[in-house]
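Residues per chain, in single letters:
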Amino acid sequence: MSRAQLTRTGILRMALGGGGADPLLPAEGGGGRRAPFLLRALRIAVVVCLYWFTSIAMVFLNKYLLDSPSLRLDAPLFVTFFQCALTAALCLGLSLGAACGPPCAGLPTLRLDPKVSRSVLPLSAVFIGMVTSNNLCLKHVGVAFYNVGRSLTTVFNVLLSYLLLKQTTSLYALLACGVIIGGFWLGVDQEGAEGTLSWTGIFFGILASLCVSLNAIYTKKVLPVVDGSIWRLTFYNNVNACVLFFPLMVLLGEFRTLYHFDKLGSPSFWGMMTLGGVFGFAIGYVTGLQIKFTSPLTHNVSGTAKACAQTVLAVIYFEETKSFLWWTSNLMVLGGSFAYTWVKGLEMRKVQEDPNVKNGERNETGV
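Residues numbered from 1 in each chain as written. Predicted model: local features only at pLDDT ≥ 70, side-chain atom pairs only at ≥ 80, totals over all residues. Heavy atoms only, no water.

A.B. asks: Just give me the short version of the overall build of the chain, but keep the residues and values in it.
C.D. replies: Scanning the chain from terminus to terminus reveals 14 helices and zero strands. Overall, the chain shows an N-to-C arrangement of helices and strands of α-α-α-α-α-α-α-α-α-α-α-α-α-α. Burial status across the chain gives 49% buried among its 367 residues. About 18,000 Å² of surface is accessible on the chain, with carbon and sulfur atoms providing 66% of the total. (Helix = DSSP H or I, 4+ residues; strand = E, 2+ residues; numbered from the N terminus. Buried < 20%, exposed > 50% of the residue type's maximum accessible area, 1.4 Å probe, protein only. Areas by Shrake-Rupley, 256 points an atom, 1.4 Å probe, with all protein chains shown as cover.)

Laid out in structure tokens, this is it:
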């Protein structure tokens, strides 16, 4: 997520599913005629390609900023802080441009309300854990293993849904989770066999998976505070994150690291930092576009296929050689994720087609 990847879809699914239309996304046709099939297919292909490019480019760029031997910058919190600050600035800039007419005319006016900021603070703490652990996982593991290292989000979704919401999961969905867990452990084993295993990276990958699940739950609770506006929530979340990052950077001595960093005055360094921040902001928008023009189910399938392409590209780019069992672990994670998405999609369709299903069962199936 990725987005990240942020994401990468927890907040957007909540917003697109029930929090009002996104003013930057094109409105769906109401009573007008539908676009010709070829035009719709071309539009979907462009949106999917845009999502793939943005997501994969963001991962590779963040890997460079976090762990490049040529850059040698050991300040992961600063990199994350800068991206949060740039996201908040872009939200505010788009809001100020609302008076200029399309395409920003529908954006809500943003202003910092301390009371709202305090209400969003619990989510911001989870958000910091999510983006920081994602980046720290990427710093300590290779891009090729990154998808497996943080692949337990689906498992935590099921676990937290049961523990916090008392919602059960079907047997087929649990079997898919079992395949994901098996692929994760096989991947860890193979990384160890190849001598590239980082237990620090594994720890942050598991933590990132947990925080992504918690982020979706807290987002649903906090959205009413910002009137269901994803843009206001993004703005407050990133402003709070910037404030909270300062003491963390002081405690970990990152300001001292930056003081001795020899490329601090380099325009190319700041250009890469800015590009990383723009990609981090853009991933939310292109994720929303993909969901809008396809469906949440198709988006998840596209994300799984993108993760596969990202892994192959990383192995080729970094000239790595992987064993058969290592590839098997990746296929298990991707296959389990795809199977879970497919099972949930079938369950949701069954619920929608049955008018006698109770609301509680409707919510349970949609987890």
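A.B. asks: Residue-level account of the UniProt feature "transmembrane region" (unreviewed entry) in the chain, with values.
C.D. replies: The feature "transmembrane region" (unreviewed entry), as given by UniProt, occupies residues 41-65, 77-99, 120-138, 144-164, 171-188, 200-218, 230-249 and 269-289 in the numbering adopted here. Helix makes up 86% of residues 144-164 and strand 0%, whereas the separation of the span's terminal C-alpha atoms amounts to 33 Å. End C-alpha to end C-alpha, residues 200-218 measures 26 Å, and it is 100% helix and 0% strand. (UniProt positions renumbered as here; feature names shortened; annotations may be inferred.)

A.B. asks: How would you sum up the packing of helix 6 (residues 153-165) against helix 8 (residues 199-222)? Please name residues and give values.
C.D. replies: Relative to each other, helix 6 and helix 8 sit at 50 degrees, their axes nearing to 9 Å. If you check the angle between helix 6 and helix 8, you find them oblique. Between helix 6 and helix 8 lies a crossing whose hand is right-handed. On the side of helix 6, the interface is formed by Thr-153, Phe-156, Asn-157, Leu-160 and Leu-164, while helix 8 contributes Ile-206, Ser-209, Leu-210, Val-212, Ser-213, Leu-214 and Ile-217. When its residues are assigned to classes, the contact of helix 6 with helix 8 shows eight nonpolar, four polar and no charged. (Axes fitted to C-alpha atoms, helices over the stretch in contact; angles between N-to-C directions. Parallel < 35°, antiparallel > 145°, perpendicular 65-115°, else oblique. Left-handed = near helix turned anticlockwise from the far one by under 90°. Contact = heavy atoms within 4.5 Å. Nonpolar A, V, L, I, M, F, W, Y, C, P; charged D, E, K, R; others polar.)

A.B. asks: Outline unusual backbone geometry, supporting the account with residue identities and numerical values.
C.D. replies: Positive phi, close to 60 degrees, is recorded for Asp-227, a residue that is not glycine. Tracing the backbone shows Asp-227 in the loop between helix 8 and helix 9 (230-251). Backbone geometry places Glu-319, a non-glycine residue, at a positive phi of 55 degrees. Of note, Glu-319 is situated in the loop between helix 12 (296-317) and helix 13 (324-353). Its relative accessible area of 71% is what places Glu-319 among the exposed residues.

A.B. asks: Let's hear about the packing of aromatic side chains: which residues, and what values?
C.D. replies: Evaluated as defined, the whole model comprises 17 aromatic pairs. Between Phe-82 and Trp-270, the aromatic rings sit 5.6 Å apart at their centres with planes inclined by 50 degrees, giving tilted as the arrangement. Of this pair, Phe-82 sits in helix 3 (residues 76-96) while Trp-270 is found in helix 11 (residues 267-293), placing the two residues 188 residues apart along the sequence. Since its relative accessible area comes to 18%, Phe-82 is described here as buried. (Phe/Tyr/Trp six-rings, centres within 6.5 Å; stacked < 30°, edge-to-face > 60°.)

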